[in-house]
Amino acid sequence: MIGLEYIVKLYNGTYKKLAEKLEITPSTVTDWLSKRRPIPKAKLEALSKLFKL
């Protein structure tokens, strides 16, 4: 389990809700989780703020 997957589960969230909050598609989140695509720096910052990390 990668960090993003763990954090989403820890907060009882879903990938669809996460995608909506980040204004991206759910398939983009899936690409990040499968490491097909890296998470852009701007979205890493948004994730940090979203989960207060």
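Just so you know, these numbers come straight off a predicted model, no measurement behind them.

Each value, and the rule that gives it
Residues numbered from 1 in each chain as written. Predicted model: local features only at pLDDT ≥ 70, side-chain atom pairs only at ≥ 80, totals over all residues. Heavy atoms only, no water. Core = buried A, V, L, I, M, F, W, Y, C linked by side-chain atoms within 4.5 Å. Buried < 20%, exposed > 50% of the residue type's maximum accessible area, 1.4 Å probe, protein only. Helix = DSSP H or I, 4+ residues; strand = E, 2+ residues; numbered from the N terminus. Contact = heavy atoms within 4.5 Å. Salt bridge = Lys/Arg side-chain N within 4 Å of Asp/Glu carboxyl O. 1 Å grid on protein atoms, 1.4 Å probe; cavity = no way out; pocket = protein on both sides within 12 Å on 5 of 7 lines; lining within 4 Å. Points joined across faces, edges and corners; volume = space filled by probe spheres on them. Nonpolar A, V, L, I, M, F, W, Y, C, P; charged D, E, K, R; others polar.

**Q** Just to check I follow, could you spell out the nonpolar core for this structure?
**A** As a rule of thumb, nonpolar side chains are buried together in soluble globular proteins. One finds Leu4, Ile7, Val8, Leu18, Ala19, Leu22, Ile24, Val29, Trp32, Leu33, Leu47 and Phe51 forming the largest nonpolar core, which totals twelve residues. Put simply, the parts of the chain that give this core at least two residues each are α1 (3-10), α2 (15-22) and α3 (26-33). With residues near it in sequence (within four places) discarded, leucine 18 still touches Leu4, Val8, Val29, Leu47, Leu50 and Phe51.

**Q** Would you mind going over the pattern of salt bridges with me for this structure?
**A** A side chain with one charge may pair with a side chain of the opposite charge, provided their charged atoms come close. Applying the stated criterion to the full structure yields two salt bridges. Among the ionic pairs, arginine 37 bridges to aspartate 31, the shortest N-O distance being 3.1 Å. By relative accessible area, which is 41% here, arginine 37 ends up partly exposed. Put simply, Asp31, Arg36 and Arg37 are held in one network by salt bridges that share partners.

**Q** So what exactly am I meant to see when it comes to the layout of surface pockets here?
**A** To find leftover empty space, one rolls a probe the size of a water molecule over the atoms. Considered as a void within the structure, the largest pocket measures approximately 150 Å³ in volume. Along the walls of the largest pocket sit Val8, Tyr11, Asn12, Gly13, Thr14, Lys17, Leu18, Lys21, Leu50 and Phe51, which together make up its complete lining. Sort the elements by how many residues they give to the lining of the largest pocket and α2 lands first, with three residues. Residue composition of the lining of the largest pocket, by class: five nonpolar, three polar and two charged.

**Q** What am I meant to see in the environment of leucine 4 here?
**A** Mapped onto the secondary structure, leucine 4 falls in helix α1. Taking the C-alpha atoms as reference points, leucine 4 and tyrosine 15, eleven residues apart in sequence, are found 9.8 Å from one another.

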